[in-house]
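# Structural overview
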Amino acid sequence: VQGYGLTETSPVIAAETPNCRRLGSIGKKFNSVEVKIDNPDEDGIGELMAKGPSVMLGYYENEEATKEALEEDGWFHTGDLARIDKDGFIFICGRKKSVIVLNNGKNVFPEEIETLLNKVEGIKESFVYEKKEDDGDVKVCVKIVYDKDLIKELYNIDGQEDVRKFLWEKVKEVNKLMPKYKYVREMIITEEELIKTTTLKIKSHEEMKKILGK
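Just so it is clear, the model here is predicted, and its values are computed rather than measured. (Residues numbered from 1 in each chain as written. Predicted model: local features only at pLDDT ≥ 70, side-chain atom pairs only at ≥ 80, totals over all residues. Heavy atoms only, no water.)

## Some remarks on the overall build of the chain
What the chain contains, in helices and strands, is five helices and twelve strands. Projected onto its principal axes, the C-alpha coordinates of the chain cover approximately 55 × 45 × 35 Å. A buried classification covers 38% of the 214 residues belonging to the chain. Counting contacts in the chain only where the partners sit at least 6 residues apart, residues at least 24 apart contribute 47% of the total. Carbon together with sulfur atoms contributes 48% to the accessible area of the chain, which is approximately 13200 Å² in total. Of the side-chain charges in the chain, 35 are positive and 42 negative, and the distance between the mean point of each set is 3 Å. (Helix = DSSP H or I, 4+ residues; strand = E, 2+ residues; numbered from the N terminus. Buried < 20%, exposed > 50% of the residue type's maximum accessible area, 1.4 Å probe, protein only. Contact = heavy atoms within 4.5 Å. Areas by Shrake-Rupley, 256 points an atom, 1.4 Å probe, with all protein chains shown as cover. Lys, Arg positive; Asp, Glu negative; His and termini not counted. Charge placed at Lys NZ, Arg CZ, Asp CG, Glu CD.)

Put into structure tokens, the structure is as follows:
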């Protein structure tokens, strides 16, 4: 079963139980907590907000951060994008700060694409990002960390160019599972691990500096 919460919410907001489950969801909210979707889009996806006695009063000696996270009426901004179905099951879609907004106003959630790519044997990890072209176009791109030895062992593929072709075919397979506007259009491949924090979260800003050569 899955559950969901943050340190600021003590920590659980919602969870499944053995008798109350829905594939891909984090379950339903706890009775002691209120939840809502802030500014939902046409698919009902927006920032998940929570309110209740288990939500923090504020960050210690950090009024600015408290004001950013907490509304005056007690609603807490989780920073996660989610949708809630008609039965009350909550589905996390991605982080608000990492969402890619295309020129047509559509949202692309990097985590959705990364999860699918990371299931491919031979791909260690992936990082989906946006690239803004000079003409204003926004491209969805990916950086893939691959396991050269595993790809050779499983698929008998060797040499960087052949590996690139193989991985691009896998990207195209993932593209076919999604609407066309979410398609990955460019790919970088590497054997070098992505830059991470001590808790193994990808440092997006550091990775972008590296990709852009800054």
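## Describing helix α3 (residues 148–155)
Taking the backbone nitrogen of Asp149 as reference, a side-chain oxygen 3.2 Å away marks Asp147 as the first, capping residue of α3. A positive phi of about 55 degrees marks Asn156, the residue just after α3. (Polar contact = N/O pair within 3.5 Å; in protein donor to acceptor, adjacent residues only side chain to side chain.)

## Quick notes on the packing of helix α2 (residues 110–118) against helix α4 (residues 160–175)
Put simply, α2 and α4 touch, their axes get as near as 10 Å, and they point 125 degrees apart. By the angle between their axes, α2 is oblique relative to α4. Handedness of the crossing formed by α2 with α4: right-handed. Side by side, α2 and α4 meet where Ile113, Leu116 and Leu117 of the first sit next to Lys170, Val171 and Val174 of the second. (Axes fitted to C-alpha atoms, helices over the stretch in contact; angles between N-to-C directions. Parallel < 35°, antiparallel > 145°, perpendicular 65-115°, else oblique. Left-handed = near helix turned anticlockwise from the far one by under 90°.)

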